[in-house]
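This is what each chain is made of:
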Amino acid sequence: MGCCQNLVKYSLFLTNFLVFVLGLVTLGFGIWVLVDKPGFLDLFDNAQSVLDQQGVDISGFDLGIYAGAPIILIVAGVITSIIAFLGCCGAIKENKCMLISYFVIILAVFIGCIVGAVLVYQGKFDEQIKTPLKDSIKYYKDDAKSGSKEDAYKQVWNTIQEELKCCGVSGVSDWAQAGANVGGAGWTV
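A few words now on the side chain of lysine 9. Secondary-structure assignment places lysine 9 in helix α1 (residues 3-36). In this structure the side chain of lysine 9 is engaged in a polar contact, spanning 3.0 Å, whose partner is the side chain of glutamate 94. Setting aside its immediate chain neighbours within four residues, lysine 9 contacts Ala91, Ile92 and Glu94.

Glancing now at helix α4 (residues 69-93). Over its 25 residues, α4 runs 36 Å from end to end, which matches the ideal 36 Å to within 8%, given 1.5 Å per residue. Listed as buried for α4 are Pro70, Ile74, Gly77, Ser81, Ile83, Ala84, Leu86, Gly87, Cys88, Cys89, Gly90 and Ala91. Just beyond α4, the residue with positive phi is glutamate 94, at close to 55°.

For the rest of this paragraph, the subject is the environment of phenylalanine 85. Looking at the element boundaries, phenylalanine 85 is found in helix α4. Phenylalanine 85 sits in the partly exposed class, given a relative accessible area of 46%. Separated by 64 residues in the primary sequence, phenylalanine 85 and valine 21 have C-alpha atoms spaced 9.6 Å apart.

By the element assignment, lysine 154 lies in helix α7 (residues 149-164). Dropping the residues within four chain positions of it, lysine 154 is found in contact with Tyr140, Lys141 and Asp142.

Tallying each qualifying case throughout the model produces three aromatic pairs. Look at phenylalanine 20 and phenylalanine 85: their rings are 6.1 Å apart centre to centre, the planes differ by 45°, and that puts the pair in the tilted class. Of this pair, phenylalanine 20 sits in helix α1 while phenylalanine 85 sits in helix α4, and the two are 65 residues apart along the sequence. Of the residues examined, phenylalanine 20 reaches a relative accessible area of 21% and is grouped as partly exposed. A ring pair is formed by phenylalanine 29 and tryptophan 32, whose centres lie 5.6 Å apart and whose planes are at 40°; its orientation type is tilted. With a gap of three residues between them, phenylalanine 29 and tryptophan 32 both fall in helix α1, about one helical turn apart.

How each quantity is defined
- Residues numbered from 1 in each chain as written.
- Predicted model: local features only at pLDDT ≥ 70, side-chain atom pairs only at ≥ 80, totals over all residues.
- Heavy atoms only, no water.
- Helix = DSSP H or I, 4+ residues; strand = E, 2+ residues; numbered from the N terminus.
- Polar contact = N/O pair within 3.5 Å; in protein donor to acceptor, adjacent residues only side chain to side chain.
- Contact = heavy atoms within 4.5 Å.
- Expected span 1.5 Å × (residues − 1).
- Buried < 20%, exposed > 50% of the residue type's maximum accessible area, 1.4 Å probe, protein only.
- Phe/Tyr/Trp six-rings, centres within 6.5 Å; stacked < 30°, edge-to-face > 60°.

Everything listed here is a matter of coordinates, which is why it stays silent on function.
Below, the structure is given as structure tokens:
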């Protein structure tokens, strides 16, 4: 076997081994978020129940989408690990069947990514996420009465910003644009 063939063989093996390890890390992270970090996931369930109790219409915004993120990470980690394992074994054993299967799967994933990117950028995916969030900022009241609809928005926004360590949707200017009642007299965003 020539030098170039060995180089290609071990490069394919090493690359797939690294992807395999990263797939396992993604799988582990997804399991960790699902098992040990229920506070962040419960945030969305609590927010939805509080908003439902207050009679707030959230029909255009499904909070459950975000609660499924750890499951998506777990599935992506498993699929990535299996594909990379197929590439590792196919490369090291020089098994044509495994390598052809690996190539077909990688090609399908690549085509799927292109189709997904076109669908996301073709639609208004970004706006579908940001618009309801920006609309909800205007209901935020710093001096909201406990148990009111405004208090529900205040609690949800405070928790989201604390957990994500951010301010607003796109930035602090969202608060000024929405005209939210924050900070009291003399306070500016």
